[in-house]
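Residue-level listing of the chains:
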Amino acid sequence: MSARELAEPYPQVSTDDDATAAARLLAEHKLPALLVVDRDGQPYAIVPGSQLIGQLVPEYALEDPLLPAVIDDRDLDEVPDKLAGLSVAEWLPRRRFQPPTVGPDANVMHIAALMARTHTPLVAVVERDGDQVRLAGAITAARLMERLVGGS
């Protein structure tokens, strides 16, 4: 089975989009990761939801693993304020890696190895025509697992 056959439409946001809207998209669609494209529609980043949540947690809560257990959840009321006025590009973690992409003819083993190596629950499928690159869809870890072990 090829990437072309496994790829499905996947919601995407642009680097210029509003971070709050992107967070809501992630939550409402229960997405494993945010697929971010640049102004030209090219894959810019694939960021697992856990990394985006990490951008919203106060630094002190990340540094001391015991502290969050005793802090009141009222601090969570500040989360929307952290996103207010930010673009998606400003919200993304500073350390950004090239998003994992495959061509439409990539096989299942190639996709599985890439997903495992990059620790990303999503791989973008891109089609190239000379210098032009078009996002054809994405393959989620759930879709790939379904192919590897069978599903309903």
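Notes on the structure follow. Nothing here was measured: the structure is a model prediction, and the numbers come from that model.

1. A word on the pattern of salt bridges
Okay, so step 1: In this structure the tally under the stated criterion is five salt bridges.
Okay, so step 2: In this structure, the salt-bridge partner of Glu-127 is Arg-134, at a minimum N-O distance of 2.5 Å.
Okay, so step 3: Residue classification places Glu-127 among the partly exposed positions, given a relative accessible area of 25%.
Okay, so step 4: Assessed through its relative accessible area of 47%, Arg-134 is described here as partly exposed.
Okay, so step 5: Between Arg-143 and Glu-146 there is a salt bridge, with its nearest N and O atoms 3.0 Å apart. A residue pair is termed a helical-turn pair when its members lie 3 or 4 positions apart in one helix, as Arg-143 and Glu-146 do in helix H9 (residues 141-149) at three residues.

2. Focus on the side chain of Thr-15
Okay, so step 1: Here Thr-15 shows up in the loop between strand E1 (13-14) and helix H2 (19-28).
Okay, so step 2: Setting aside residues up to four positions removed in sequence, Thr-15 forms contacts with Val-36, Val-37, Asp-38, Arg-39, Tyr-44, Ser-87, Val-88 and Ala-89.

3. Observations concerning the pairing of strand E3 (residues 43-48)
Okay, so step 1: Burial of E3 is extensive: five of the six residues sit out of reach of the surface.
Okay, so step 2: Taken together, strand E2 (residues 33-37) and the strand that follows it, E3, pair antiparallel across an intervening segment of five residues, in which Gly-41 is found at a positive phi of about 85°.

4. Description of the nonpolar core
Okay, so step 1: One finds Leu-34 and Trp-91 to be the most contacted residues of the largest nonpolar core, which totals 28 residues.
Okay, so step 2: Counting 13 residues, the second largest nonpolar core, distinct from the first, contains Val-108, Ala-112, Met-115 and Leu-144.

5. Brief notes about unusual backbone geometry
Okay, so step 1: Of note, the phi angle at Lys-30 is positive, near 50°, even though the residue is not glycine.
Okay, so step 2: Relative to the elements of secondary structure, Lys-30 occurs in the loop between H2 and E2.
Okay, so step 3: The class for Lys-30 is exposed, based on a relative accessible area of 72%.

6. Some thoughts on the packing of helix H8 (residues 108-118) against H9
Okay, so step 1: For the pair H8 and H9, interaxial distance at closest approach is 11 Å and the crossing angle is 135°. In terms of axis orientation, H8 runs oblique to H9. H8 and H9 meet at a crossing whose hand is left-handed. Seen from H8, the contacting residues are Val-108, Ile-111, Ala-112 and Met-115; seen from H9, they are Ala-141, Leu-144, Arg-147 and Leu-148.
Okay, so step 2: The class makeup of the residues in the contact of H8 with H9 is seven nonpolar, no polar and one charged.

Conventions adopted
Along each chain, residue indices are assigned from 1 in the same order as the chain's sequence is written. It should be noted that, the model being predicted, local features are given only for residues of pLDDT at least 70 and side-chain atom pairs only at 80 or more, the latter also being counted only at that level, while totals for whole chains, interfaces and linings use all residues. Side-chain figures throughout are based on the complete set of non-hydrogen atoms in the structure, without hydrogens or water. We define a salt bridge as a contact between a side-chain nitrogen of Lys or Arg and a carboxyl oxygen of Asp or Glu at a distance within 4 Å. Residue exposure (1.4 Å probe, protein chains only): buried if accessible area is under 20% of the type maximum, exposed if over 50%, otherwise partly exposed. Secondary structure elements are taken from DSSP: a helix is a run of H or I of four residues or more, a strand is a run of E of two residues or more, and numbering for both begins at the N terminus. Residues count as neighbours in contact if any of their non-hydrogen atoms are within 4.5 Å of one another. A strand pair is defined by DSSP finding two or more bridges across the two strands. Working definition of a nonpolar core: buried Ala, Val, Leu, Ile, Met, Phe, Trp, Tyr and Cys residues. They are joined through side-chain atoms within 4.5 Å. Axis angles are defined between N-to-C directions and span 0 to 180 degrees, where every axis is a line fitted to C-alpha atoms and, for a helix, only to the segment in contact. Note on angle classes: values under 35 degrees are labelled roughly parallel, values over 145 roughly antiparallel, values of 65 to 115 roughly perpendicular, and the remainder oblique. A clockwise turn of the near helix away from the far one marks a right-handed crossing, whereas an anticlockwise turn of less than a right angle marks a left-handed crossing. Lys, Arg, Asp and Glu make up the charged group, whereas Ala, Val, Leu, Ile, Met, Phe, Trp, Tyr, Cys and Pro make up the nonpolar group; the residues left over, Gly among them, are polar.

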